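This is what each chain is made of:
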Amino acid sequence: MRRFTDFHPIVTFLYYAGAVALFAALLHPVFLVAGLIIVLAIHFFYDRCRGLQRWFFLMLTTGLFIFILNPVFNERGRHVLFMLGDHRVTLEAAVYGGMSALSIIGVIAVFVSYNEVMTPNKLLFLFAKLLPRFAVLLMLTLRFIPLMRKRLEEIGDVQVSKGLSVHEGTLKERARNGMNYIQVLLTFSLEEAIQTAESMKARGYGEGVRSSYEHFVFKRPDFAAALYLLLLLAVLVYGRIQGFGWLAISPVMETFSFPQNEAVLLIIHCLFIGFPLIVETGEYIRWRILN
Amino acid sequence: MLRNKVAASTLLIMAVILLLIVSAWRAEHYILLSFGVMAAGILFLLARFENRKMEVGELVLIAVIAAIASVGRIPFASIPGAQPTTFVIIVTGLVFGAEAGFMVGGVAALASNMVLGQGPWTPWQMAAWGLIGLVSGLLRNRSFMQNKWGRAVYGIIWGFLFGFIMNLWGLFSLGGGGNTLTMDAVVAYFGASLLFDTFHSIANVVFLLVFGDQFIKTLSRFKRKYGLLE
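Computed from a prediction, not measured in an experiment: that's the story for all the values here.

**What about the overall build of chain B?**
Along chain B, the regular secondary structure elements total nine helices and zero strands. Seen in sequence order, chain B has helices and strands lined up from the N terminus as α-α-α-α-α-α-α-α-α. By the compact-globule yardstick of 17 Å for 230 residues, chain B fits well, its C-alpha radius of gyration being 19 Å. Each of the three principal axes of chain B carries a C-alpha extent, and together these read 55 × 50 × 35 Å. Relative to its 230 residues, chain B shows a buried fraction of 41%. Long-range pairs, those at least 24 residues apart, make up 73% of the contacts in chain B between residues at least 6 apart in sequence.

**Describing the overall build of chain A**
When its secondary structure is counted, chain A shows ten helices and two strands. Beginning at the N terminus, the succession of helices and strands in chain A can be written as α-α-α-β-β-α-α-α-α-α-α-α. In summary, chain A has a C-alpha radius of gyration of 26 Å against a globular reference of 19 Å for 291 residues, an excess of more than 25%. By its C-alpha atoms, chain A is 70 × 60 × 40 Å across when sized along the principal axes. The burial tally for chain A puts 33% of its 291 residues in the buried class. Within chain A, counting contacts between residues at least 6 apart in sequence, those at least 24 apart form 74% of the total.

**Some points on the domain arrangement of chain B**
You'll often see interface size given as the accessible area lost when the parts meet. We note that the domain assignment places domain 1 (1-53) and domain 2 (55-226) within chain B. Inter-centroid distance (C-alpha atoms) of domain 1 of chain B to domain 2 of chain B is 22 Å.

**Side note on the environment of B:Gly105**
Residues and elements named next belong to chain B. Within the secondary structure layout, Gly105 lies in helix H5 (residues 98-116). Sequence separation of Gly105 and Ile89 is 16 residues, and the distance between their C-alpha atoms is 5.9 Å. When near neighbours in sequence (up to four residues on either side) are disregarded, Gly105 contacts Ile89, Trp129, Gly130, Ile132 and Gly133.

**Here we look at the domain arrangement of chain A**
Examined at the domain level, chain A breaks down into domain 1 (4-123 + 217-290) and domain 2 (128-202). One C-alpha centre belongs to domain 1 of chain A, the other to domain 2 of chain A, and the line joining them spans 40 Å.

**Here we look at the UniProt feature "transmembrane region" (unreviewed entry) in chain A**
All names here are of chain A. Mapped onto the present numbering, the UniProt feature "transmembrane region" (unreviewed entry) falls on residues 12-43, 55-73, 93-112, 124-145, 223-241 and 261-279. Taken end to end, residues 93-112 is 100% helix and 0% strand, and its two terminal C-alpha atoms sit 29 Å from one another. Strand forms 0% of residues 261-279 and helix 95%; the C-alpha atoms that close the span are 26 Å apart.

**Concerning the pairing of strand S2 (residues 87-90) of chain A**
All names here are of chain A. Bridge count between strand S1 (residues 80-84) and S2: four bridges; the pairing is antiparallel. Bridging across to S2, Leu84 finds its partner in His87. The antiparallel hairpin formed by S1 and S2 contains two residues in its connecting segment, where Gly85 sits at a positive phi of about 65 degrees.

**Some remarks on the interface of chain B and chain A**
Each partner contributes residues to the interface: chain B has 53 residues there, and chain A has 58 residues. Of all elements in the fold, only helix H2 (30-51), helix H3 (56-71), H5, helix H8 (183-192) and helix H9 (194-226) of chain B reach the threshold of two or more residues within the side of chain B that touches chain A. The element that contributes the greatest number of residues to the side of chain B that touches chain A is H3(B), accounting for 13 residues. In terms of residue class, the side of chain B that touches chain A is built from 35 nonpolar, 16 polar and two charged.

Procedures and definitions
- Position numbers for residues start from 1 in each chain and track the written sequence from start to end.
- Chain A is the first chain written and ligand 1 is the first ligand written, with later ones labelled in order.
- Selection of residues for local features in this predicted model requires a pLDDT of at least 70, selection of side-chain atom pairs for listing and counting requires 80 or more, and totals for whole chains, interfaces and linings are taken over all residues.
- Secondary structure elements are taken from DSSP: a helix is a run of H or I of four residues or more, a strand is a run of E of two residues or more, and numbering for both begins at the N terminus.
- For the radius of gyration, the atoms used are the C-alpha atoms, and the globule rule reads 2.2 Å times the number of residues raised to 0.38.
- Exposure is read from a count of other C-beta atoms within 10 Å of each residue's own; the residue is exposed at 12 or fewer, buried at 20 or more and partly exposed in between. C-beta atoms are placed from the backbone.
- What counts as a contact here is a pair of residues whose C-beta atoms, placed from the backbone, lie within 7 Å.
- What fixes the domain bounds is an automatic or database domain assignment.
- UniProt positions are given in the numbering used here, feature names are shortened, and annotations may be inferred rather than shown by experiment.
- In this description, strands pair whenever DSSP reports at least two bridges between them.
- Throughout, the ten residues Ala, Val, Leu, Ile, Met, Phe, Trp, Tyr, Cys and Pro are labelled nonpolar, Asp, Glu, Lys and Arg are labelled charged, and all others, Gly among them, are labelled polar.

Structure representation (structure tokens):
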């Protein structure tokens, strides 16, 4: 059974980059709402929206902030909804604020899904092809982060026995102790770093070309998926250049109509954003039939 | 290899120039254009880093400092607004130069977000922290940087500048599509983050004044002892 998470990192990255770009570029209420519903469905399918809950507060406050800020500072527009003192609250500003809020919420929701599917090793795989030394640097840093955490705990245990704690005392004391922890960690780790470097050198790092085990292989389904995504993206870019898929607000808000061309573009938009759902349901059906 | 390097650099510089020209008459797409300029800038520095001759020890050193910069937040969890990441990056730039400063800043941002969760803010964070390291490295021989108080002023400036750079990605939601972005809205939007930026600045100053000399001494001693990144 081939899940969405099993695709080659290039395909996964292409999907997420495209989805973020679509949420940012297609500012049209219908497109945004449709896209957001699909992304929420993907989250529901993946883990019953559990991963999304941690970000819910951020998404809500950012969205609300942007939704309110637009009409407060933007008086332009012909359709005045109501007056607040001598401040005009216009329909245009409210619509734009709403669309921006949906766009930001959509982008964050896509990123939450990205964090679940695009694990660090997939991103490192992409970097390693393009920027090998940077990938090694990133890999070393990622490995050092948990190590440093452990060392900080050890240092903390020793320092507490000397009466230096970061949890007690005045603000000044806590800050000073915290920085002393970092100072100890720095000296400790720098000496250790030389050993790591010597060990890498001894194993021949930097001596000519290295071969490596490739965990990800670009197979035929990956090719088909990449082609599918690229084709849809091309049509969407063409449609956007032709002026479909976004609501013009300035200088004059266009009357809200939904021509046939726009409906076609909406379907393509949904087919792109919904790609993980299509893959998963397709596999689900096939799995059922095969059994 | 050398030809490759020159070609990559020229290509990226041309891309930036092209983006700037386009932005002059298609200002409404500024979010896309500014992202393009930033990406080209980061890639330019990464390509430079990639093609330079480098000791393994220098690579590991940068990784250690970047890891400390991102882990350094933990002991300060009980003090709001305080995080020594910016401080560590400034000190690295001062001791090891512009390129090391940029790499520590960029990698610390990317790696810590790999642990905490990536978002639309990741590239901006990489650029902001990378720039802090880069500028610190470029200014390290100036007279005001030799002075404790000069460094403190520098820390204050970056506390606010960092916040401004981080605010940029949210700007398009205030009127990207049509040219409806007003100065009032920009001021209000940036004002909303001012309190947080002030905390950041205060933390930078305190760290630079109280621990700056000590850290610079530790790193410089290490640099001389092993002859790294000189």
